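Chain by chain, the residues run as shown.
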Amino acid sequence: MGRPSPVRRGTAVNRDTGEITQLEFFERPKTGIRYDWRPNPGRHVNVPKELVKRLYDKSSGYNAGDRDVFFFYLGFSPDGTEPLRMTFKEIADVIGGRPDTIAKRVGKLNRGGLLLEAERVGRIVFYRANPRSGFDGAAEDQVQAVKDVRFPVIPAPANAEVKRKAAS
């Protein structure tokens with residue numbers, strides 16, 4: 001059996017038989033394919049493994065409660081860049097804790113860029129996961145979503161209120 005020899009882009013000829021063979025060079029049309037295994041486990045979220053490893057490092061500045069809130073946002077947020085439209089009380093009812101504790105954790109995650117402010121309705125602020133830290137949707141949508149988004153910061157930035165109190 002002979003080796004194919006290139007004739008022109010996309011085709012080859014078997015030197016022994018003269019048969020023309022069609023080759024593919026990764027030119028398939030792009031589609032909005034997304035992972036969606038139904039009924040279980042459902043939608044697939046793209047999360048960078050290195051970021052998760054760094055979140056679990058003791059020097060990250062994030063603790064188990066912060067990670068619980070971050071992963072709650074990843075798991076409960078709608079597709080794409082839509083915010084999670086739940087109050088801190090509703091989140092606390094699901095994962096436990098007090099609404100003010102959830103608010104502090106969300107503020108910390110926001111300062112670190114893991115969660116981003118997405119929408120305001122009166123005095124209520126809704127947040128979404130930074131698409132650089134986790135994204136639910138097609139790859140083409142993620143490429144668009146990260147164009148103007150800051151990178152998450154690890155270790156966690158210091159709390160602005162704590163700095164002000166220490167300066168007093």
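Heads up: the structure comes first, above all this text.
All of the points below concern the structure found in this document. What you see is a predicted model, and the numbers here were worked out from it, not measured in a lab.

Conventions used here
- Residues numbered from 1 in each chain as written.
- Predicted model: local features only at pLDDT ≥ 70, side-chain atom pairs only at ≥ 80, totals over all residues.
- Heavy atoms only, no water.
- Core = buried A, V, L, I, M, F, W, Y, C linked by side-chain atoms within 4.5 Å.
- Buried < 20%, exposed > 50% of the residue type's maximum accessible area, 1.4 Å probe, protein only.
- Helix = DSSP H or I, 4+ residues; strand = E, 2+ residues; numbered from the N terminus.
- Contact = heavy atoms within 4.5 Å.
- 1 Å grid on protein atoms, 1.4 Å probe; cavity = no way out; pocket = protein on both sides within 12 Å on 5 of 7 lines; lining within 4 Å.
- Points joined across faces, edges and corners; volume = space filled by probe spheres on them.
- Nonpolar A, V, L, I, M, F, W, Y, C, P; charged D, E, K, R; others polar.
- Phe/Tyr/Trp six-rings, centres within 6.5 Å; stacked < 30°, edge-to-face > 60°.
- Pairing = 2+ DSSP bridges.

This part is about the nonpolar core. When a protein is soluble and globular, its nonpolar side chains tend to lie buried together. If you look at the biggest cluster of nonpolar residues, it comprises 22 residues, and the most contacted ones within it are Phe 70 and Tyr 73. If you list the elements that add at least two residues to this core, you get α1 (49-56), α2 (64-76), α3 (88-95), α4 (99-111) and β7 (124-129). Broken down by element, the residue count for this core peaks at five residues, all from α2. Contacts of Phe 70, omitting those with residues within four sequence positions, involve Leu 51, Leu 55, Leu 109, Leu 114, Leu 115 and Ser 133.

Let us look at empty space enclosed by the protein. Taken as a whole and assessed by the stated rule, the structure comprises one cavity of 30 Å³ or more. Put simply, the largest cavity is a space of about 100 Å³. In terms of lining residues, the largest cavity is bounded by 14 residues, among which Ser 77, Gly 80, Ala 129, Gly 134 and Asp 136 are the most central. Secondary-structure elements contributing two or more residues to the lining of the largest cavity are α2 and β7. Looking at the lining of the largest cavity, its residues break down into seven nonpolar, four polar and three charged.

Further remarks concern the packing of aromatic side chains. The full count for this structure, using the stated rule, is two aromatic pairs. Here Phe 72 and Phe 76 contribute two aromatic rings whose centre-to-centre distance is 4.0 Å and whose plane-to-plane angle is 20°, an arrangement assigned as stacked. Residue Phe 72 and its partner Phe 76 are located together in helix α2, separated by four residues, close to a single helical turn. Phe 72 sits in the buried class, given a relative accessible area of 4%.

Moving on to the pairing of strand β6 (residues 115-121). Pairing analysis gives six bridges linking β6 to β7, with the strands arranged antiparallel. Looking across to β7, one finds that Leu 115 is bridged to Ala 129. Following β6, the chain reverses through two residues before pairing antiparallel with β7; Gly 122 in that reversal takes a positive phi of roughly 65°.

What follows covers the environment of Val 125. Here Val 125 lies in strand β7. Considered as a pair, Val 125 and Phe 88 are 37 residues apart in the sequence and their alpha carbons are 9.8 Å apart. Setting aside anything within four residues of it in sequence, one finds Val 125 in contact with Glu 117, Glu 119 and Arg 120.

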